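# Observations on the three-dimensional arrangement
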Amino acid sequence: MADQYAHSGDDKRPTEIPAIRWEEPPEGPVLVLLDQTRLPAEEVELVCTDAPALVEAIRSLAVRGAPLLGIAGAYGVALAAVRGFDVEEAAAALAGARPTAVNLAVGVRRAQSAHEAALAKGGDVGQAAAAALAAARQLHREDAEASGRMAEHGLALLDELLPGGGHRILTHCNTGSLVSGGEGTAFAVALAAHRTGRLRRLWVDETRPLLQGARLTAYEAARSGMAYTLLTDNAAGSLFAAGEVDAVLIGADRITADGSVANKVGSYPLAVLARYHHVPFIVVAPVTTVDLDTADGASIEVEQRPGHEVTEVTAPQVPVAGVEAGGGIPVAPLGTQAYNPAFDVTPSELVTAIVTEEGVVSPVTAEALAELCARSRRVAAG
């Protein structure tokens, strides 16, 4: 089950917004999420006491973003274990909540494996639950550290490709602290450029579905004091044509063995535009987003969102006179069919570089990605 309560956060900086946290009140452990469907109108926290509540939060996009989904998945397994629910059942439900984002399943497996290993060593259910929670907390810490390293590598790459600063960066969807244990992926790079005086303008695509650029990236940019401008997705072409984009920075929900990148729908057209206009197209993602078990982009299951997100305009979650909060206002004739994929896939040949916490891959090839993952495993093994 889940409960909600509102809180004010007007004086907070983006890095202080608690996108996710584990708490242990007297009535029992809970997972607390910042409900991202309510932003930017209000900051409301969603309190999950079991895995089904977290699954619903994931499906509704109350919690979202590849790295954060991995963290949430791991905590969800731990929540089931600590509260005495069926861990295997919870893990299966969590891993299947959103099929495109590979980090979710990675996080679930990590906590589940820790739980199983503790039991295999003769530990009791309490010790196994503690092991799952420790694994989730470790993943949370690792993601925060990875975010910082991605920002460093990404900024260095921008300086190499675009010497002199004054970067005008176009980004898509939302990739900041709302999707991460740290300051994010692609947004973290732009934020690093801003802090060092190298960012001239952050162009923010509004981003369908659910306008995650307009609602969330603009929200984070404003709170960071960045110079930013919001544009409709289909205005990006005119922006390129006017010579107003120096680089495109996006995140990723899955990177396949051949370097294909699944990201929020609209990313692929940006890659095509960037190639035509000779603008670097850079993907920023942790190594956990690289899925060597998925051969290519055609093998990715692309999530299809409900058609009403296209045929209706959703009213704000906060009450508006005469309109039911959260309801839809029709903008298309009744019965209109809608095509609404959540993601598209960009082939590796359109990607200038993939920036990870372990370094930069450029050019993007299957061999380079495999070596990156192998190096990451060696580092993790110590």
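For the rest of this paragraph, the subject is the overall build of the chain. Looking only at helices and strands, one finds 11 helices and 17 strands in the chain. Considered along the principal axes of its C-alpha atoms, the chain spans approximately 65 × 60 × 45 Å. Burial analysis of the chain (382 residues in total) assigns 54% to the buried set. Sequence-distant contacts, at least 24 apart, represent 75% of the contacts inside the chain between residues at least 6 apart. With the model as given, the accessible surface of the chain reaches about 15,900 Å², and the carbon-plus-sulfur share is 53%. Within the chain, the 47 negative side-chain charges are centred at a point lying 4 Å from the centre of the 29 positive side-chain charges.

Of all hydrophobic cores here, the largest spans 40 residues; its most connected members are Leu31, Leu33 and Leu54. Of all the secondary-structure elements, those providing two or more residues to this core are strand 2 (20-23), strand 3 (30-34), strand 4 (44-48), helix 1 (51-59), helix 2 (66-82), helix 3 (87-95), helix 4 (102-120) and helix 5 (125-161). Ranked by residue count, the leading element in this core is helix 2, at 11 residues. If near-sequence neighbours (up to four positions away) are discounted, Leu31 is found in contact with Ile20, Arg21, Trp22, Leu46, Val47, Cys48, Leu54, Ala72, Tyr75 and Leu79. In terms of nonpolar packing, the next biggest core, distinct from the first, is built from 29 residues, Leu231, Leu239, Val245 and Leu350 among them.

Attention now moves to the sheet that holds strand 6 (residues 199-205). Read from one edge to the other, the open sheet built from 7 strands follows the order 7-6-5-8-11-16-17, with strand pairing classed as mixed. Edge positions in the sheet fall to strand 7 (228-231) and strand 17 (359-361), since each of these pairs with one other strand and no more. Neighbouring strand axes in the sheet, compared pairwise and without regard to direction, differ in orientation by 25° on average. Note: strand 5 (residues 167-171) against strand 6, 5 bridges, orientation parallel. Directly across from Thr171, in strand 6, lies its bridge partner Val204. Sheet strands in contact with helix 5 are strand 5, strand 8 (247-250), strand 11 (281-284), strand 16 (353-356) and strand 17, and its direction is about 145° off that of strand 16. Sitting on the sheet, helix 6 (residues 186-195) is in contact with strand 5, strand 6, strand 8 and strand 11, with an inclination near 155° to strand 6.

What follows is about the sheet that holds strand 12 (residues 290-291). Judged by pairing direction, the sheet is mixed, and its 4 strands sit side by side in the order 12-9-10-15 without closing on themselves. Both outer strands of the open sheet, strand 12 and strand 15 (343-346), are each paired with one neighbouring strand and no more. Relative to strand 12, strand 9 (residues 254-256) runs parallel, the two being bridged by 2 bridges. When the bridges of strand 12 are listed, Ile255 appears paired with Val290.

It is worth spelling out helix 5 at this point. With 37 residues, helix 5 extends 53 Å from end C-alpha to end C-alpha; this agrees with the ideal 54 Å at 1.5 Å per step. Between the side-chain oxygen at the start of helix 5 and the backbone nitrogen of Gly126 there is a gap of 3.1 Å, and the oxygen is on Asp124.

Another point: the side chain of Lys264. Among the secondary structure elements, Lys264 is positioned in strand 10 (residues 261-264). At 6.0 Å, Asp253 is the nearest oppositely charged side chain to Lys264, a buried residue that forms no salt bridge.

What follows deals with the packing of helix 5 against helix 6. Where helix 5 contacts helix 6, the axes come no closer than 8 Å and their chain directions differ by 65°. By crossing handedness, the relation of helix 5 to helix 6 is classed as right-handed. Counted together, Ser147, Met150, Ala151, Gly154, Leu155 and Leu158 of helix 5 and Ala188, Val189, Ala192 and Ala193 of helix 6 form the full contact between these two elements. By residue class, the composition of the contact of helix 5 with helix 6 is 8 nonpolar, 2 polar and no charged.

Here helix 4 contains 19 residues, and its C-alpha end-to-end distance of 27 Å stays within 8% of the 27 Å for a straight helix at 1.5 Å per residue. Looking at the packing, one finds that the buried side of helix 4 touches helix 1, helix 2, helix 3, helix 5, strand 9 and strand 12. Following helix 4 by one or two positions, Gly122 has its phi on the positive side, about 95°.

What counts and what doesn't
Residues numbered from 1 in each chain as written. Predicted model: local features only at pLDDT ≥ 70, side-chain atom pairs only at ≥ 80, totals over all residues. Heavy atoms only, no water. Helix = DSSP H or I, 4+ residues; strand = E, 2+ residues; numbered from the N terminus. Buried < 20%, exposed > 50% of the residue type's maximum accessible area, 1.4 Å probe, protein only. Contact = heavy atoms within 4.5 Å. Areas by Shrake-Rupley, 256 points an atom, 1.4 Å probe, with all protein chains shown as cover. Lys, Arg positive; Asp, Glu negative; His and termini not counted. Charge placed at Lys NZ, Arg CZ, Asp CG, Glu CD. Core = buried A, V, L, I, M, F, W, Y, C linked by side-chain atoms within 4.5 Å. Pairing = 2+ DSSP bridges. Axes fitted to C-alpha atoms, helices over the stretch in contact; angles between N-to-C directions. Expected span 1.5 Å × (residues − 1). Polar contact = N/O pair within 3.5 Å; in protein donor to acceptor, adjacent residues only side chain to side chain. Salt bridge = Lys/Arg side-chain N within 4 Å of Asp/Glu carboxyl O. Left-handed = near helix turned anticlockwise from the far one by under 90°. Nonpolar A, V, L, I, M, F, W, Y, C, P; charged D, E, K, R; others polar.

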